[in-house]
Amino acid sequence: MSPSTTIMAPYKINVDMDTSLLQQLNRIDSAILNNEDERVALVHAMRAALSRIETPWESALQIVFTQPSVFAALKTCVDAGLFVQWLQQPLHGEPASASTLARLVDVDEMLLSRLLRHLAATNMLHEEAPGVYRLSRFAHSLGLPEYASMLPFLFETSLPGFSSLPAYLQSNKYANPADAKATNWHYLRGVSRFADLQSRPSEMATFQLMMTTYAANKTSWVDLYPVENEILRCAESTSSSALVVDVGGGRGHDLQRLLHLWQGLLDGNNTARIVAPTPGQLILQDRQATLVNAVGESLIRKMAHDFFQQQPVRGARVYYLHTVLHDWPDREAGVILGQIGLAMQVGYSRLLIHETVVRTDEVQDLSEWKKTTSDMQMMMVLSSAERTEQNWRELIARAGLTVVKIWNSGASAESIIEVVKDK
Ligand SMILES: C[S@@+](CC[C@H](N)C(=O)[O-])C[C@H]1O[C@@H](n2cnc3c(N)ncnc32)[C@H](O)[C@@H]1O
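Residues numbered from 1 in each chain as written. Predicted model: local features only at pLDDT ≥ 70, side-chain atom pairs only at ≥ 80, totals over all residues. Heavy atoms only, no water.

Undergrad: Explain the sheet that holds strand E1 (residues 96–97) here, please?
TA: Strand pairing in a sheet relies on backbone hydrogen bonds, with the paired strands running either antiparallel or parallel. The strand order E1-E3-E2 describes an open sheet built from 3 strands, whose pairing is antiparallel. At either end of the open sheet lies a strand with only one pairing partner, and these are E1 and strand E2 (125–129). In the sheet, E1 pairs with strand E3 (residues 132–135) via 2 bridges, with the strands oriented antiparallel. Note on E3: the bridge partner recorded for alanine 96 is tyrosine 133. (Pairing = 2+ DSSP bridges. Helix = DSSP H or I, 4+ residues; strand = E, 2+ residues; numbered from the N terminus.)

Undergrad: What is the right way to read the site of the ligand from this model?
TA: Inspection of the region around the ligand gives 16 residues, with Gly248, His253, Asp286, His322 and Thr323 positioned closest. Here a nitrogen atom of the ligand and a side-chain polar atom of arginine 287 are 3.0 Å apart. In this structure, aspartate 306 approaches the ligand through a side-chain N or O atom, which is 3.0 Å from a nitrogen atom. Relative to its free-state accessible area of 590 Å², the ligand is covered by the protein chains to the extent of 95%. Taken together, the residues of the shell around the ligand break down into 4 nonpolar, 8 polar and 4 charged. (Near = heavy atom within 4 Å. Polar contact = N/O pair within 3.5 Å; in protein donor to acceptor, adjacent residues only side chain to side chain. Areas by Shrake-Rupley, 256 points an atom, 1.4 Å probe, with all protein chains shown as cover. Nonpolar A, V, L, I, M, F, W, Y, C, P; charged D, E, K, R; others polar.)

Undergrad: Sorry if this is basic, but what is going on with the domain arrangement of the protein here?
TA: Often the size quoted for an interface is simply the accessible area lost on bringing the parts together. With domains assigned, the protein is organised as domain 1 (26–145), domain 2 (148–206) and domain 3 (218–420). Using C-alpha coordinates to define each centre, domain 1 is positioned 36 Å away from domain 3. Between domain 1 and domain 3, the contact holds 5 residues from the first and 5 residues from the second. Surface buried jointly by domain 1 and domain 3 totals about 440 Å² across both partners, of which 66% is contributed by carbon and sulfur atoms. (Domains from an automatic or database assignment. Contact = heavy atoms within 4.5 Å. Buried area = accessible area lost by both parts, 1.4 Å probe.)

Undergrad: Mind showing me how you'd approach a nonpolar patch on the surface here?
TA: A surface patch of nonpolar side chains, amounting to about 560 Å² of accessible area, comprises Trp57, Leu61, Ile63, Val64 and Phe65. With respect to the helices and strands, valine 64 occurs in helix H3 (residues 56–79). (Patch = residues over 30% accessible without salt bridge, like charges linked within 9 Å, V, L, I, M, F, W, Y side chains within 5 Å. Salt bridge = Lys/Arg side-chain N within 4 Å of Asp/Glu carboxyl O.)

Undergrad: Whenever I open this one, helix H2 (residues 36–53) confuses me. Can you help?
TA: What sets the pattern is the α-helix's 3.6 residues per turn: residues three or four places apart point alike. Look at H2: 26 Å from first C-alpha to last across 18 residues, which is about the 26 Å you get at 1.5 Å a residue. Measuring from the side-chain oxygen of the N-cap residue of H2 to the backbone nitrogen of aspartate 37 gives 3.2 Å; that N-cap residue is asparagine 35. (Expected span 1.5 Å × (residues − 1).)

Undergrad: What exactly am I supposed to notice about the packing of aromatic side chains here?
TA: Centre-to-centre distance and the angle between the planes together describe a pair of aromatic rings. Overall, the coordinates contain 9 aromatic pairs when judged by the stated rule. Between the aromatic rings of phenylalanine 194 and phenylalanine 207, the centroid separation amounts to 6.2 Å while the plane-to-plane angle is 80°, which identifies the pairing as edge-to-face. Here phenylalanine 194 is found in helix H11 (residues 193–198), whereas its partner phenylalanine 207 is found in helix H12 (residues 201–216), with 13 residues between them in sequence. Since its relative accessible area comes to 26%, phenylalanine 194 is described here as partly exposed. Feature note: the residues Phe153, Phe194, Phe207, Phe307, Phe308 and Trp328 constitute an aromatic cluster, connected by ring pairs. (Phe/Tyr/Trp six-rings, centres within 6.5 Å; stacked < 30°, edge-to-face > 60°. Buried < 20%, exposed > 50% of the residue type's maximum accessible area, 1.4 Å probe, protein only.)

Undergrad: What is the right way to read the side chain of glutamate 203 from this model?
TA: Structurally, glutamate 203 can be placed in helix H12. Leave out the neighbours within four places in its chain, and glutamate 203 touches Glu156, Arg189, Arg193 and Leu197.

Undergrad: I'm lost on the nonpolar core in this one. Help?
TA: One recurring pattern in soluble globular proteins: nonpolar side chains tend to sit buried together. Counting residues in each nonpolar core, the largest one holds 31 residues, and the members touching the most others are Leu321, Leu351, Ile353, Ile396 and Ile417. If you list the elements that add at least two residues to this core, you get strand E4 (244–247), strand E7 (318–322), helix H17 (330–343), strand E8 (350–358), helix H19 (389–398), strand E10 (402–407) and strand E11 (414–420). If you tally residues by element for this core, the top one is H17, at 5 residues. In this structure, isoleucine 396 is in contact with Leu337, Ile353, Leu401, Thr402, Val403, Ile417 and Val419, ignoring residues within four places of it in sequence. Core analysis: the second largest hydrophobic core is formed by 28 residues, Trp86, Leu112, Leu115 and Leu154 among them. (Core = buried A, V, L, I, M, F, W, Y, C linked by side-chain atoms within 4.5 Å.)

Undergrad: Would you mind going over the environment of serine 298 with me for this structure?
TA: Of note, serine 298 is situated in the loop between helix H16 (288–291) and strand E6 (300–304). On the basis of relative accessibility, which here comes to 71%, the residue serine 298 falls in the exposed class. For the pair formed by serine 298 and glycine 280, sequence separation is 18 residues and the distance between their alpha carbons is 9.6 Å.

Undergrad: Explanation requested: unusual backbone geometry in the structure shown.
TA: Negative phi characterises most residues that are not glycine, and trans characterises most peptide bonds. The omega angle of the peptide bond from glutamine 89 to proline 90 is 10°, so this bond is cis rather than trans. Its place among the elements puts proline 90 in the loop between helix H4 (82–87) and E1. At histidine 92, a position not held by glycine, the phi torsion is positive, near 50°. Here histidine 92 is to be found in the loop between H4 and E1. Taking the relative accessible area as the measure of exposure, histidine 92 reaches 53% and is therefore exposed. Positive phi values are uncommon outside glycine, yet serine 383 reaches one of about 60°.

Below is the structure:
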């Protein structure tokens, strides 16, 4: 773009329509919204409106050319360290020209200009003046390690996996994938994704960081379930018995959240019947290879455990399973539930299953796209699925356990299914 060219505001075009609508759209940003539910509803409405006004050719262009090229441009910029360096001195995230940014990351100026122009044209960045770019909220997030890990995950898992999915489904004569030993990943690489990750430490680290980011952007379990009354008030000062066992807990971010809440309640003098945590009350279980990257909280006991084997911690107040069962088809999920069920104490223990519950009634579900996206991801990687309420109830009943309540919150895509053992 030559320096004399003026940048056209995207909506100042000569259209024969109510321009107040365009003006309103131009004014929208997150600051005008009152709360999260309103924001989610507006995103939903605007996406739906876009799909109604795009031509088929524009939709095809988006899917076939634009999205893959945006992925590649973003990944190239992340790999070159652009967003991380942009946030550091001397720029501190301030708008910068393509030539300044090219010198910052040692990328050919012509190349970087082309990438930046594409990212600005697709709203990933803002072009403030010809050749001068400002970080969008999203581009800013890519300077942080949690979000930067999403792009390697895209290239290591989502893109190869979804590329092979149609051929895999065709090779299975379009049967619904439900065999954990014959997944799309076996078709692609000859092993399960988890086994594959064990032999690829850097991909394992990407996966775990991505899971942490994923969890940070979901409604936390401590906000979905009354943990203060149902868990923390059960802790005794003398007790070293297990309060919460996070089975398949990954890096331990959910226990860490609980611990922070617990310590916050104590600091806030809201302590009438709450005692301080003691070592051994919070137990993080996962495979040894995963625990290596776990958070370093001394109050959280790390325990290598295979959840298909006998549960070594008996009679804990809470066994917690967060996005574990959706990784497994019903047969394997039933074994995991069965092992926990055997360890539960009737009348005291409860199992909290933190998962998506897919709606099948007629109520509009604004988070459905997140649930169906996750369902496709599960199908692609693991031959598993996101379950409906009926699927969940049947699976849990087959394991000899009983659903007490399903806890939901606002527009959150996840629920907590509270389960007990009756006999
Ligand atoms: C989708 S991640 C969920 C992690 C964590 N609960 C969260 O929500 O972020 C599934 C976890 O199951 C663990 N896992 C897989 N197979 C396992 C097994 N046989 N025994 C114990 N953990 C296993 C993985 O290492 C991973 O941490």
